[in-house]
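# Descriptive analysis of the structure
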Amino acid sequence: MKSSLLGLALGLVSQAALAATAAPPLQDKQAFIDHLLGQMSQAEKIGQLRLISISPEMPAEKIREEIAAGRIGGTFNSRTAPENRPMQDAAMRSRLKIPMFFAYDTVHGERTIFPISLGLASSWDMDAITTVGRTSAIEAAADSVDMTFAPMVDIARDPRWGRTSEGFGEDTYLTSRIAEVMVRGLQGKSGAEHDSVMAIVKHFALYGAVEGGRDYNVVDMSLPKMYNDYLPPYRAGIDAGAGGVMVALNSINGVPATANTWLMNDLLRQQWGFKGVTISDHGAIKELIRHGVARDGREAAKLAIKAGIDMSMNDSLYGEELPGLLKAGEVSQAELDRAVREVLGAKYDMGLFKDPYLRIGKAEDDLQDYYAETRLHRAAARDVARRSLVLLENRDDTLPLRKSATVALVGPLADAPLDIMGSWAADGRPEHAVSVREGLEHALDGKGKLLYAKGADVTRDNAILDYLNFFNAKDDKIVLDPRPPAVMIDEALKAAAQADVVVAVVGESKGMSHESASRTSLDIPASQKALIKALKDTGKPLVLVLMNGRPLSITWEREQADAILETWFSGTEGGNAIADVLFGDYNPSGKLPITFPRSVGQIPMYYNRPSIGRPATPGEPGNYTSQYFEEPNGPLYPFGYGLSYSSFTLSDLTLSADHLQRGQRLQAKVTVKNTSERDGETVAQLYVQDVTASMSRPVKELKGFQKVLLKAGETRELTFTLSESDLKFFNAQLQQVAEPGQFNVQVGLDSQNVQQQHFELR
Ligand code: NOJ
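Residues numbered from 1 in each chain as written. Predicted model: local features only at pLDDT ≥ 70, side-chain atom pairs only at ≥ 80, totals over all residues. Heavy atoms only, no water.

### Overview of the packing of aromatic side chains
Two descriptors summarise a pair of aromatic rings, namely the distance from one centre to the other and the angle between the planes of the rings. Tallying each qualifying case throughout the model produces 16 aromatic pairs. Between Phe596 and Tyr637, the aromatic rings sit 6.0 Å apart at their centres with planes inclined by 70°, giving edge-to-face as the arrangement. Here Tyr637 lies in the loop between α23 (574-582) and β17 (648-655) and Phe596 lies in the loop between α23 and β17, a separation of 41 residues in the sequence. Note on Tyr637: relative accessible area 1%, which makes it buried. Among the aromatic residues, those joined into a ring-pair cluster are Trp124, Tyr173, Tyr607, Phe639, Tyr687 and Phe705. The residue whose ring lies beneath Arg111 is Tyr371, and the NZ or CZ to ring-centre distance is 4.7 Å. (Phe/Tyr/Trp six-rings, centres within 6.5 Å; stacked < 30°, edge-to-face > 60°. Helix = DSSP H or I, 4+ residues; strand = E, 2+ residues; numbered from the N terminus. Buried < 20%, exposed > 50% of the residue type's maximum accessible area, 1.4 Å probe, protein only. Lys NZ or Arg CZ within 6 Å of the ring centre and 35° of its normal.)

See below:
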């Protein structure tokens, strides 16, 4: 026994001898993988670690050759059965017939595009988000996709970062709950089902905290802040069963995540017990050279595999350098085997050893048209999109609009089916997307009248246009209107003059809130501001419909508008959903998952800041307190804020006891009343403050929420339960503790206007 193990380690056991060993039953995952590993040559093992992007420029023939030779483990970006079947056929021609997997960025939908993640988070609706995960998986799996690079759970507290749009906002608790339901939705009953896809939680870790909000920049953060605020969402996704983790492009306290043994090994695998696959981000291993931690490709590959990066996304270094590193003994066989085992394990979990064609299906079942309308899940998309819209202002009940009204619809984003799907819109097609213009036309249905004028371009800044258009595919380009700005505004004013109300759809084009789209300003571009100003001067009621992927500083716009509806990028059914809210067919219920600052200079502005020694007190002279003196302090719109056509009151917060004994529970009860004549939904939010602790703790932290539908005039008592685990935090020594003393409990319909009680933890 001993000698055969030694022989195995030295690669001396002949393939024939191993092949002769009976393969263990497929049901025994570990034994099956060990047996397979024992049959693999070193080159085949290295091949499994390579994840290759399929692009139109990539010769399909060449890829298939590489696969058949066992030199590729998986691909991403190809996403129909006719594209993927020949690759799987090639894998079935390889010596060991190890199946390929096919991955894709199905982030907020595959063919049916749902609101961007920030919009999904605005719904605070876990059932709706489960629907998004499930529907995305069903569509992606039917496209022969086995794995998605989602959910993206990076906490973002600096909206200058363009990828704020891809995450679920600023809050640890809300993002963690969403991470769980998204993973469960994507993976379904089991990742091995034909209609499930494996969830890859990303970007591990702290990508949302890049310095200055500038993409790919460094992250420097204290360990308690990491553990308390930034790491829990990844952990929540993993604990919900996510099959893998994508590693972030940034460095963490000086060490790039891709070379970070502490992050990948000590924290992820040892402390958290993660058993899945780890995948580098695109080209990240090679980037270790430019990070300044690897001299060359050889060292980069060595650092990455030693740190625990199993698969290399689209760079050639594992293929090129691992053979030499193994030969020189700088990377051990055990290190290689560990990585290969995780990749094989992921393929096993995706059900691919049982059936490599599980999601590809049979050729005779291939679809005639992968873009067929019948494949879309429009009803679900419309329902979720309505829930993601946030009503920010509604003076004098400007909204909802009457369907008999004459509406002037203006703005560069009013008729923008490509933009409405947002970034990372997978295989969503603009011809399927309902623009705001189309949505309003449907809603008015010939009763009222719709007058449309573009009114302005998204921006007239040529440098910005060049930047955004550089990456956009041919049909995605932002094309400037040939008419002078004044002529466009005049056209909009003519429409406004004939209308009862003006609806202006303004904000950002989809490319402005994307990867590599960091901004120094959070303003609506000047061309659109000029349009808003001119519209305001008409005196007609002005409704701003915002389309954007990050909080914008709309302090000035707030003064111009009678109503403001934040719609993010609301997806395939966005236009219909927006019309549903504008005309009152749906009563808005969204709440902000991220703070809106008044200006870019206030950043970082998030609700759960730690206590400080000299906080500013609103309304009191501010010298020597923490504030900026040029503008009012505090946010423009706080976390958790959002209006409804109904009005609600919250009262009578009571706690079941004045103290909590460890191991026991405490109830907080509160009464919510719908004081209006309309049925409506709202979100009751429970926050906790650890008043005195060994470290300054946040002034409040979300620890629970309930989205409730109340009939007109209905009163309901809600109960929240708190236990010791809700009071725990990581202290300076990184021990997770709940320290005795006073805790404040706050409940509100946003994070600012709250009722408060307190209790003592003994
Ligand atoms: C780079 C992005 O950072 C990541 O989020 C994405 O999943 C990969 N590219 C693959 O498209």
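### With respect to the nonpolar core
In this structure, Phe149, Phe204, Leu231 and Leu322 are the most contacted members of the largest nonpolar core, which totals 116 residues. It is helix α9 (residues 172-187) that provides the largest number of residues to this core, a total of 8 residues. Ignoring anything within four residues of it in the chain, the contact list for Leu231 reads Phe204, Ala205, Leu206, Met226, Leu267 and Trp272. Counting residues in hydrophobic clusters, the runner-up holds 79 residues, among them Leu401, Leu440, Leu468 and Val581. (Core = buried A, V, L, I, M, F, W, Y, C linked by side-chain atoms within 4.5 Å. Contact = heavy atoms within 4.5 Å.)

### Comments concerning the side chain of Asp105
Tracing the backbone through its elements, the reader meets Asp105 in the loop between β3 (101-104) and α7 (117-123). You can call Asp105 buried: its relative accessible area is 10%. Within the structure, the side chain of Asp105 is placed 3.2 Å from the side chain of Lys202, a separation counted as a polar contact. (Polar contact = N/O pair within 3.5 Å; in protein donor to acceptor, adjacent residues only side chain to side chain.)

### Describing the pattern of salt bridges
Inspection of every chain in the model, using the stated rule, returns 57 salt bridges. Here Asp146 makes a salt bridge to Arg359, at a shortest N to O gap of 2.9 Å. In this pair, Asp146 is assigned in the loop between α8 (126-142) and β4 (147-148) and Arg359 in the loop between α16 (333-349) and α17 (378-388), connecting sequence segments 213 residues apart. Residue Asp146 shares its accessibility class with Arg359, and that shared class is buried. With a closest N to O distance of 2.9 Å, Arg483 and Glu491 form a salt bridge. What makes Arg483 partly exposed here is its relative accessible area of 27%. Taken together, the shared-partner salt bridges connect Lys454, Asp457, Arg460, Asp481, Arg483 and Glu491 into one network. (Salt bridge = Lys/Arg side-chain N within 4 Å of Asp/Glu carboxyl O.)

### Let's talk about the site of the ligand
Taken together, Phe76, Asp105, Phe149, Arg163, Lys202, His203, Met246, Asp281, His282, Met313, Trp424 and Glu515 make up the full set of residues near the ligand. Within the side chain of His203, an N or O atom sits 2.7 Å from an oxygen atom of the ligand. Within the side chain of Asp281, a nitrogen or oxygen atom sits 2.5 Å from an oxygen atom of the ligand. Protein coverage of the free-state accessible area of the ligand, which is 290 Å², stands at 95%. In terms of residue class, the shell around the ligand is made up of 5 nonpolar, 2 polar and 5 charged. (Near = heavy atom within 4 Å. Areas by Shrake-Rupley, 256 points an atom, 1.4 Å probe, with all protein chains shown as cover. Nonpolar A, V, L, I, M, F, W, Y, C, P; charged D, E, K, R; others polar.)

### Some details on the packing of α8 against α9
At a minimum axis distance of 7 Å, the contact between α8 and α9 shows a crossing angle of 35°. Handedness of the α8/α9 crossing: right-handed. On α9, the residues that touch Met126, Ile129, Thr130, Val132, Gly133, Arg134, Ser136 and Ala137 of α8 are Leu174, Arg177, Ile178, Val181, Met182, Gly185, Leu186 and Gln187. When its residues are assigned to classes, the contact of α8 with α9 shows 9 nonpolar, 5 polar and 2 charged. (Axes fitted to C-alpha atoms, helices over the stretch in contact; angles between N-to-C directions. Left-handed = near helix turned anticlockwise from the far one by under 90°.)

### Regarding the sheet that holds strand β18 (residues 659-660)
Strand order across the open sheet formed by 5 strands is β18-β26-β25-β20-β21, with mixed pairing between neighbours. Each having just a single partner strand, β18 and β21 (701-710) make up the two edges of the open sheet. Pairing of β18 with strand β26 (residues 754-761), which is carried by 2 bridges, proceeds in the parallel orientation. Residue pairing in the sheet places Leu660 in a bridge with Leu761 of β26. (Pairing = 2+ DSSP bridges.)

### What to know about the pairing of strand β16 (residues 563-566)
Alternating residues of β16 divide into Ala563 and Leu565 and Ile564 and Glu566, and every residue in both groups is buried. The pairing of strand β11 (residues 390-394) with β16 spans 4 bridges and is classified as antiparallel. Residue pairing for β16: Leu391 is matched across the bridge by Leu565. Relative to β16, strand β15 (residues 542-547) runs parallel, the two being bridged by 4 bridges. Looking at β16, one finds that Val545 is bridged to Leu565. Since β15 and β16 lie parallel, the crossover through helix α22 (residues 555-560) that links them has a hand, and here it is right-handed. (Right-handed = clockwise from strand over helix to strand, strands pointing away.)

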